[in-house]
Amino acid sequence: MDNPETGFNLKVVLVSFKQCLNEKEEVLLDHYITSWKGLVRFLSSLGTIFSFISKDVVSKLQIMEHLRSGPQGEHYSNLQSMVAYEVGHQLVDLEHRSHHPDSGCRTVLRLHRALYWLQLFLEGLRTSPEDARTSTLCTDAYNASLAAYHPWIVRRAVTVAFCTLPTRKVFLEAMNVGTPEQAVEMLGEALPFIERVYDISQKLYAEHSLLDLP
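Residues numbered from 1 in each chain as written. Predicted model: local features only at pLDDT ≥ 70, side-chain atom pairs only at ≥ 80, totals over all residues. Heavy atoms only, no water.

**Here's the deal with the packing of helix 2 (residues 29-45) against helix 5 (residues 104-127)**
Stated formally: For helices, the fitted line uses only the C-alpha atoms of the stretch in contact; every axis is such a line through C-alpha atoms, and the angle between N-to-C directions lies from 0 to 180 degrees. Each helix is a run of H or I in the DSSP string that is no shorter than four residues. Each strand is a run of E no shorter than two, and both are numbered from the N terminus. Our angle categories are set so that under 35 degrees counts as roughly parallel, over 145 as roughly antiparallel, 65 to 115 as roughly perpendicular, and the remainder as oblique. Note on convention: near helix rotated counterclockwise from far helix by under a right angle means a left-handed crossing. Clockwise means right-handed. In this description, contact between two residues means that some pair of their heavy atoms is separated by no more than 4.5 Å. For this classification, the nonpolar set comprises Ala, Val, Leu, Ile, Met, Phe, Trp, Tyr, Cys and Pro, the charged set comprises Asp, Glu, Lys and Arg, and every other residue, Gly included, is treated as polar.
Between helix 2 and helix 5, the least distance of the axes is 12 Å, while the angle of their chain directions is 50°. Classed by the angle they form, the pair helix 2 and helix 5 counts as oblique. Read as a crossing pair, helix 2 and helix 5 show a hand that is left-handed. Counted together, Tyr32, Trp36, Leu39, Phe42 and Leu43 of helix 2 and Val108, Leu111, His112, Ala114, Leu115, Trp117, Leu118 and Leu122 of helix 5 form the full contact between these two elements. Broken down by class, the residue content of the contact of helix 2 with helix 5 amounts to twelve nonpolar, one polar and no charged.

This is the structure we're talking about:
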């Protein structure tokens, strides 16, 4: 477990998503990547249980950092410019992975789906009673988000693994913002920042028919 002395604080991570949006409500990818790194740190602090998600997220973040620092990096400054560039130049595999298996659009879509799962799970922790089972909260969030994109054998393994999750109290304390009650209050204040980034990204992808990229 992380502890307060490490300087980790989930509120700082969640609020950092506010910095992902500029005045035009464009999703700034440098801030998006940084915010996701904070979320990975939170997941890692809870042990290996979420490694199936965090490892994939880390690999996707590395792809995005490579694109951002590459020769076409200026097109990857924000999500909107990235989509316009890749779609406009036919750099996205729309039906099956072939010439562009690691396009920015596909890569961010995977991060986008994982963000929705985490958003649902944290909201479940916020609104649930003290004796709520985290395995149930996490499974419900997973079934409403990532499960649709995983084969049955993965879904089965994941839901079994969720049965070993720590208690709701342990989760809230791992956020390092004080008591469980203070953590719940913090989630109510900070989760809307993630939700706004998610909603803007979802709308953009829907407008360009990119929500089901292979």
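**Let's talk about unusual backbone geometry**
The condition is simple: Buried residues are those whose accessible area, probed at 1.4 Å on protein chains only, stays under 20% of the maximum for their type, while exposed residues exceed 50% and partly exposed ones sit between those limits.
Positive phi, normally seen in glycine, also occurs at Glu25, with a value near 60°. Mapped onto the secondary structure, Glu25 falls in the loop between helix 1 (10-16) and helix 2. Judged by relative accessible area, which is 33%, Glu25 ranks as partly exposed.

**Structural notes on the pattern of salt bridges**
The test is simple: When a carboxyl oxygen of Asp or Glu lies within 4 Å of a side-chain nitrogen of Lys or Arg, that pair is called a salt bridge.
Counting across every chain of the model gives seven salt bridges. Linking Glu25 and Arg196 is a salt bridge whose minimum nitrogen-to-oxygen distance equals 2.6 Å. Pair noted here: Glu25 is in the loop between helix 1 and helix 2 and Arg196 is in helix 9 (residues 180-207), with a separation of 171 residues, a long-range link. Since its relative accessible area comes to 37%, Arg196 is described here as partly exposed. We note a salt bridge from Asp56 to Lys60, for which the minimum N-O separation is 2.8 Å. Separated by four residues within a single helix, Asp56 and Lys60 lie in helix 3 (residues 51-69), roughly one turn from each other.

**Points about the side chain of Thr107**
Of note, Thr107 is situated in helix 5. Classification of Thr107 as buried rests on a relative accessible area of 0%. The residues touching Thr107, leaving out its near neighbours within four places in the chain, are Lys60, Ile63, Met64 and Asp102.

**Concerning helix 2**
Definition in use: A helix is expected to span 1.5 Å multiplied by its residue count minus one.
In this model, helix 2 (17 residues) spans 24 Å end to end at C-alpha, consistent with the 24 Å of a helix rising 1.5 Å per residue. Within the span of helix 2, buried status applies to Leu29, Tyr32, Ile33, Ser35, Trp36, Gly38, Leu39, Val40, Phe42, Leu43 and Ser45. As for helix 2, its buried residues are in contact with helix 1, helix 3, helix 4 (79-88), helix 5, helix 8 (168-174) and helix 9. Gly47, located one to two residues past helix 2, shows a positive phi value of around 100°.

**Things to note about the UniProt feature "domain: Glycolipid transfer protein" (unreviewed entry) in the protein chain**
What counts, and what does not: UniProt positions are given in the numbering used here, feature names are shortened, and annotations may be inferred rather than shown by experiment.
UniProt feature "domain: Glycolipid transfer protein" (unreviewed entry): in the numbering of this structure it lies at residues 28-176. A helix fraction of 66% and a strand fraction of 0% characterise residues 28-176, whose end C-alpha atoms lie 27 Å from each other.

**Details of the side chain of Glu86**
The criterion, for reference: Charged-residue counts in this description rest on Lys and Arg as positive and Asp and Glu as negative, His and the chain ends being excluded. Contacts described as polar in this section are N or O atom pairs within 3.5 Å, which, within protein, must combine one atom able to donate a hydrogen with one able to accept it, while residues neighboring in sequence count only if both atoms come from side chains.
For Glu86, the position within the fold is in helix 4. One buried charge, Glu86, has no salt-bridge partner; the nearest side chain with opposite charge is Arg106, at 10 Å. Here Gly104 takes part through its backbone nitrogen, which lies 2.8 Å from a polar atom of the side chain of Glu86. Ignoring anything within four residues of it in the chain, the contact list for Glu86 reads Leu67, Tyr76, Leu91, Val92, Ser103, Gly104 and Cys105.

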